[in-house]
Amino acid sequence: MKIKEILAQEKPVLSFEVFPPKQEDAYEAVEHAVTEIAKLSPSFMSVTYGAGGGTSRYTAKIASGLLKNYGVTALAHLSCVTSTKDQVREAAGTLKTLGIENILALRGDIPADGRIETDYHYACELVRDLKQMGDFCIGGACYPEGHPESPGKEQDILYLKEKVEAGCDFLTTQMFFDNNILYNFLYRIREKGITVPVIAGIMPVTNAKQMKRILSMSGTYLPSRFKAILDKFGDHPAAMRQAGIAYATEQIIDLIANDIHAVHVYTMNKPEVAAQIKSSLSEILI
């Protein structure tokens with residue numbers, strides 16, 4: 001099923017993200033986590049992509065397994081900054097053969113060694129090519145607080161509009177911890193004529209080290225309420241985990257109450273986190 005069709009339904013949408021193993025000997029553990037999350041019957045699940053090889057070889061395999069073994073709609077990530085056009089064509093062909101209808105088209109992060117290919121510079125270029133490679137439902141990423149490399153929020157929205165006009169059927173946001181940031185972002189992009197569905201990306205933070213890593217990568221704004229949770233429970237793993245899941249759940253409830261009916265949870269391959277959130281929303285998701 002295409003994700004744009006799922007989003008067109010009136011009921012709330014709750015989806016989960018998983019990532020493949022970096023090493024082959026970790027595949028079994030990842031497969032178990034993916035299986036347990038799939039058993040929660042999410043609206044769909046996304047599978048991330050490791051640029052330049054690595055985890056990328058497992059993306060199609062896991063996405064295909066979700067569809068065939070559990071009947072869960074799969075969204076395969078595909079990044080292009082370290083890929084040639086031939087590699088993208090091959091990856092898209094593999095997904096098409098496996099029956100994967102949904103692709104999240106990303107530029108991808110610049111590798112630490114700075115080695116990139118020159119066929120693609122922006123995600124909009126990848127979107128245009130994918131539209132010619134099959135009847136895919138194409139998603140794109142968006143950044144409510146602005147892309148870290150963008151010169152400013154207004155310019156960032158213009159780039160986003162170009163990506164949507166290239167063929168994006170929906171957008172998924174980077175994580176945020178203050179819902180007002182999303183509400184303001186939606187107002188601004190709608191003013192600019194970006195009307196495709198936007199899925200809110202939520203990250204349950206279950207340990208303080210995880211939060212430090214997130215901040216170093218994205219510079220995400222932390223509201224005082226969330227900082228207080230980190231200060232109070234950051235050194236107590238069990239308490240931090242419980243508080244982090246509760247905070248994410250409250251975010252989701254507020255989003256749905258304000259008519260943001262599609263939420264994507266970055267699970268970090270933790271079935272217990274996904275299960276607790278799903279359970280806490282059991283009546284809300286009906």
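Everything in this summary refers to the structure shown in the same document. Predicted model, so just to flag it, every value in this text is computed and none were measured.

1. Quick word on the packing of helix 5 (residues 123-131) against helix 6 (residues 153-166)
Link 1 in the chain: The geometry of helix 5 relative to helix 6 is characterised by a closest axis approach of 8 Å and an angle of 5° between their N-to-C directions. When the axis of helix 5 is compared with that of helix 6, the two are roughly parallel. Residue-level inspection shows Ala123, Cys124, Val127, Arg128 and Lys131 of helix 5 in contact with helix 6, the latter providing Glu162, Lys163 and Ala166.

2. Quick word on the packing of helix 2 (residues 27-38) against helix 3 (residues 56-70)
Link 1 in the chain: Taken N-terminus to C-terminus, the directions of helix 2 and helix 3 make an angle of 40°; their axes are 11 Å apart at the nearest point. On the basis of their axis angle, the class for helix 2 and helix 3 is oblique. Helix-helix and strand crossings are classified by hand; for helix 2 and helix 3 the assignment is right-handed. Residue-level inspection shows Tyr27, Val30, Val34, Thr35 and Ala38 of helix 2 in contact with helix 3, the latter providing Tyr58, Lys61, Ile62, Leu66 and Tyr70.

3. Concerning the pairing of strand 3 (residues 74-79)
Regular strands place side chains that alternate from one sheet face to the opposite one.
Link 1 in the chain: Of all six residues in strand 3, six are buried; the element is thus mostly enclosed.
Link 2 in the chain: By the alternation rule, side chains of strand 3 split into Ala74, Ala76 and Leu78 and Leu75, His77 and Ser79, which are all buried.
Link 3 in the chain: Relative to strand 3, strand 2 (residues 45-47) runs parallel, the two sharing three bridges. In the sheet register, Ser46 faces strand 3, and the bridge partner there is Leu75.
Link 4 in the chain: One crossover worth recording links strand 3 to the parallel strand 4 (residues 102-106) by way of helix 4 (residues 85-97), and it is right-handed.

Thresholds, definitions, all that
- Residues numbered from 1 in each chain as written.
- Predicted model: local features only at pLDDT ≥ 70, side-chain atom pairs only at ≥ 80, totals over all residues.
- Heavy atoms only, no water.
- Axes fitted to C-alpha atoms, helices over the stretch in contact; angles between N-to-C directions.
- Helix = DSSP H or I, 4+ residues; strand = E, 2+ residues; numbered from the N terminus.
- Parallel < 35°, antiparallel > 145°, perpendicular 65-115°, else oblique.
- Contact = heavy atoms within 4.5 Å.
- Left-handed = near helix turned anticlockwise from the far one by under 90°.
- Buried < 20%, exposed > 50% of the residue type's maximum accessible area, 1.4 Å probe, protein only.
- Pairing = 2+ DSSP bridges.
- Right-handed = clockwise from strand over helix to strand, strands pointing away.

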